Amino acid sequence: MVEEVPFDITLLEPDSAGNVYAEVTFTNNSNHIVTSYDITVLKKDNNEKSYYNTFDTVRPNETSAKFGSFGPSTGLVDDLEYLTLTYIIKRGDDSKQVVYDFKTKKYQVSDWYEMDTGIEPIVKVEELPYTITLEEPDSAGNVYGKGTFTNNSQHTITNFSIVMLLKDKNEKTYYSNYDTVLPGETSPNFSAFGPNTGLDTDLEPLEIEYTAETKEGKRYSITYNVKTEKYEVLELTN
């Protein structure tokens, strides 16, 4: 029920171009994992729709990271009309898509089939250990993290990215490396924003994404969901 996954919308001050953005979070008060969440709204100032969505995994009793899109140029919440809320809940090995229509107050529930290619990851996350070191704040007070990872697998890694939650700000950041890292090598340094607290405990990994290439030239895109401990593997075509 929508009462179990309430959302909160804050309209930000206009940017330098006059655009107003909406900042959104939702809380999962249900007993099930939520794997995607999408609010369709009508901006009544210009009669156009906007979509606020996230594909992060949010466990019971957790609040999502911030997400959002354009808001009404008036900056008034009253100029947002909620049309539909669509979310996916995971119950064990089964998933359901729930669509709620705010106007009719009716639900549509259907089975949701997650992508399963049947391909096992040729490289697992344990073979790619990473370290992130938080640096001292710069002159503007920003904290950055410097990371590396080591390729302990038998395959070449051509990109590597960690989606991190900055828990102090409830925002995501991306630690990414696009260098080719051969078996036995450690990557060059890569960096991104860190938590302003400077505390490692305020960094939470959400997903680890990387591309692995065999000696024969086969390439696989691998995504590991830290919360569900599940892999999604796609074979890439050249």
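Procedures and definitions
Here the residue index of a chain counts from 1 through its sequence in written order. A pLDDT threshold of at least 70 governs which residues receive local features in this predicted model, and a stricter bar of 80 or more applies before side-chain atom pairs are shown or counted, although totals over entire chains, interfaces and linings include all residues. Side-chain numbers come from the whole structure's heavy atoms, not from hydrogens or water. Starting at the N terminus, helices and strands are each numbered in turn, a helix being any DSSP run of H or I of at least four residues and a strand any DSSP run of E of at least two. Residue contacts are defined here by distance: any two heavy atoms, one from each residue, within 4.5 Å place the two residues in contact. All accessible-area figures derive from a Shrake-Rupley calculation using a 1.4 Å probe, and residue coverage is judged against the displayed protein chains alone. The charge count includes Lys and Arg as positive and Asp and Glu as negative, but it does not include His or the ends of the chains. Note that the charge is assigned to NZ on lysines, CZ on arginines, CG on aspartates and CD on glutamates. Salt bridge, as used here: a side-chain nitrogen of Lys or Arg that lies within 4 Å of a carboxyl oxygen of Asp or Glu. Using a 1.4 Å probe on the protein chains alone, a residue whose accessible area is under 20% of its type maximum counts as buried, one over 50% counts as exposed, and one in between counts as partly exposed. Only residues above 30% relative accessible area that lack a salt bridge enter a patch, with like-charged residues linked at up to 9 Å and the nonpolar side chains Val, Leu, Ile, Met, Phe, Trp and Tyr linked at up to 5 Å. Contacts described as polar in this section are N or O atom pairs within 3.5 Å, which, within protein, must combine one atom able to donate a hydrogen with one able to accept it, while residues neighboring in sequence count only if both atoms come from side chains. For two strands to count as paired, DSSP must find a minimum of two bridges between them. Note on definitions: angles span 0 to 180 degrees between N-to-C directions of axes, and those axes are lines fitted to C-alpha atoms, for helices only across the stretch in contact. By nonpolar core we mean a set of buried residues, namely Ala, Val, Leu, Ile, Met, Phe, Trp, Tyr and Cys, connected to one another through side-chain atoms within 4.5 Å. Here a cavity denotes a set of grid points, spaced 1 Å apart and computed over the protein atoms alone, in which a 1.4 Å probe fits but from which it cannot get out, and a pocket denotes an open set meeting protein on both sides within 12 Å along at least five of seven lines; residues with an atom within 4 Å of a point are reported as lining. Grid points are joined across faces, edges and corners, and a volume is the space filled by probe spheres set on the points. Throughout this entry, Asp, Glu, Lys and Arg are counted as charged residues, while Ala, Val, Leu, Ile, Met, Phe, Trp, Tyr, Cys and Pro are counted as nonpolar. The remaining residues, Gly among them, count as polar.

**Comments concerning the overall build of the protein**
Next, step 1: Of the regular secondary structure elements, the protein holds zero helices and 16 strands.
Next, step 2: Seen through its principal axes, the protein has C-alpha atoms that stretch 55 × 50 × 35 Å.
Next, step 3: Taking as baseline every contact in the protein between residues at least 6 positions apart, the subset at least 24 positions apart corresponds to 55%.
Next, step 4: As presented, the protein carries roughly 13,300 Å² of accessible surface, and 46% of it is formed by carbon and sulfur atoms.
Next, step 5: Across the protein, the 21 positively charged side chains and the 40 negatively charged ones have centroids separated by 5 Å.

**With respect to the pattern of salt bridges**
Next, step 1: All chains considered together, the criterion is met by eight salt bridges.
Next, step 2: Across the pair Glu62 and Lys227 runs a salt bridge, and its minimum N-O distance is 2.7 Å. With Glu62 in the loop between strand S4 (48-54) and strand S5 (67-70) and Lys227 in the loop between strand S15 (219-225) and strand S16 (230-236), this residue pair connects regions lying 165 residues apart in the sequence.
Next, step 3: Here Glu62 falls in the buried class, since its relative accessible area comes to 18%.
Next, step 4: Between Glu81 and Lys103 there is a salt bridge whose closest N-O contact spans 3.7 Å. Separated by 22 residues along the polypeptide, Glu81 in strand S6 (residues 80-91) and Lys103 in the loop between strand S7 (94-101) and strand S8 (106-112) bring together distant segments of the chain.
Next, step 5: Given the relative accessible area of 60%, Lys103 is considered exposed.

**Points about a nonpolar patch on the surface**
Next, step 1: On the surface, a cluster of nonpolar side chains totalling about 250 Å² of accessible area is made up of Leu12, Tyr21 and Phe70.
Next, step 2: With respect to the element layout, Phe70 can be found in strand S5.

**Observations regarding the side chain of Asn225**
Next, step 1: Secondary-structure assignment places Asn225 in strand S15.
Next, step 2: Side-chain polar atoms of Asn225 contact the backbone nitrogen of Thr228, separated by 3.1 Å.

**Comments concerning the side chain of Ser64**
Next, step 1: Position of Ser64 among the secondary structure elements: in the loop between S4 and S5.
Next, step 2: In this structure Ser64 touches Thr25, Phe26, Val58 and Asn170, once residues within four positions along its chain are discounted.

**Notes on the sheet that holds strand S3 (residues 33-43)**
Next, step 1: Spatially, the five strands line up as an open sheet ordered S4-S3-S6-S7-S8, and their pairing is antiparallel. With partners counted over all chains shown, the strands left at the sheet margins are S4 and S8, one partner each. For this sheet, the mean inter-axis angle between neighbouring strands, taken without regard to orientation, is 15°.
Next, step 2: Both S6 and S7 contribute to a ladder of eight bridges, which runs antiparallel.

**What to know about the nonpolar core**
Next, step 1: Formed by 24 residues in total, the largest nonpolar core has its most connected members in Ile157, Phe160, Tyr175 and Tyr210.
Next, step 2: Among the secondary structure elements, those contributing two or more residues to this core are strand S9 (130-134), strand S11 (156-166), strand S13 (190-193), strand S14 (203-213) and S15.
Next, step 3: The greatest single-element share of this core, amounting to five residues, is contributed by S11.
Next, step 4: Membership of the second largest hydrophobic core comes to 21 residues, among which are Val20, Ala22, Phe67 and Ile89.

**Some remarks on the layout of surface pockets**
Next, step 1: For the second largest pocket, the calculated volume is near 200 Å³.
Next, step 2: What lines the second largest pocket is simply Met1, Glu4, Val5, Ser30, Asn31, His32, Tyr87, Ile89, Arg91, Val98, Tyr107 and Val109.
Next, step 3: Taken together, the elements giving at least two residues each to the lining of the second largest pocket come down to S6 and S8.
Next, step 4: No other element matches the three residues that S6 contributes to the lining of the second largest pocket.
Next, step 5: Broken down by class, the residue content of the lining of the second largest pocket amounts to seven nonpolar, three polar and two charged.

**Things to note about the environment of Val163**
Next, step 1: Counting through the fold element by element, Val163 comes out in strand S11.
Next, step 2: You can call Val163 buried: its relative accessible area is 5%.
Next, step 3: Remark: the alpha-carbon pair of Val163 and Ser176, spanning 13 residues in sequence, is separated by 8.5 Å.
Next, step 4: Ignoring sequence-local partners within four residues, the contact set of Val163 consists of Lys172, Thr173, Tyr174, Glu204, Pro205, Leu206, Glu207 and Glu209.

**Quick look at the pairing of S14**
Here is the key point about a regular strand: its side chains alternate between the two faces of the sheet.
Next, step 1: Looking at chain direction, S11 and S14 are connected through ten bridges and run antiparallel. Each residue of the ladder has a partner; that of Ser161, found in S14, is Glu209.
Next, step 2: Pairing between S14 and S15: seven bridges, direction antiparallel. Its bridge partner lying in S15, Tyr210 is registered against Ile222.
Next, step 3: In textbook terms, the turn of a hairpin is the stretch between consecutive antiparallel strands, and for S14 and S15 this stretch comprises five residues, one of which, Gly217, has a positive phi near 95°.

So yeah, pure geometry; function would need other evidence.
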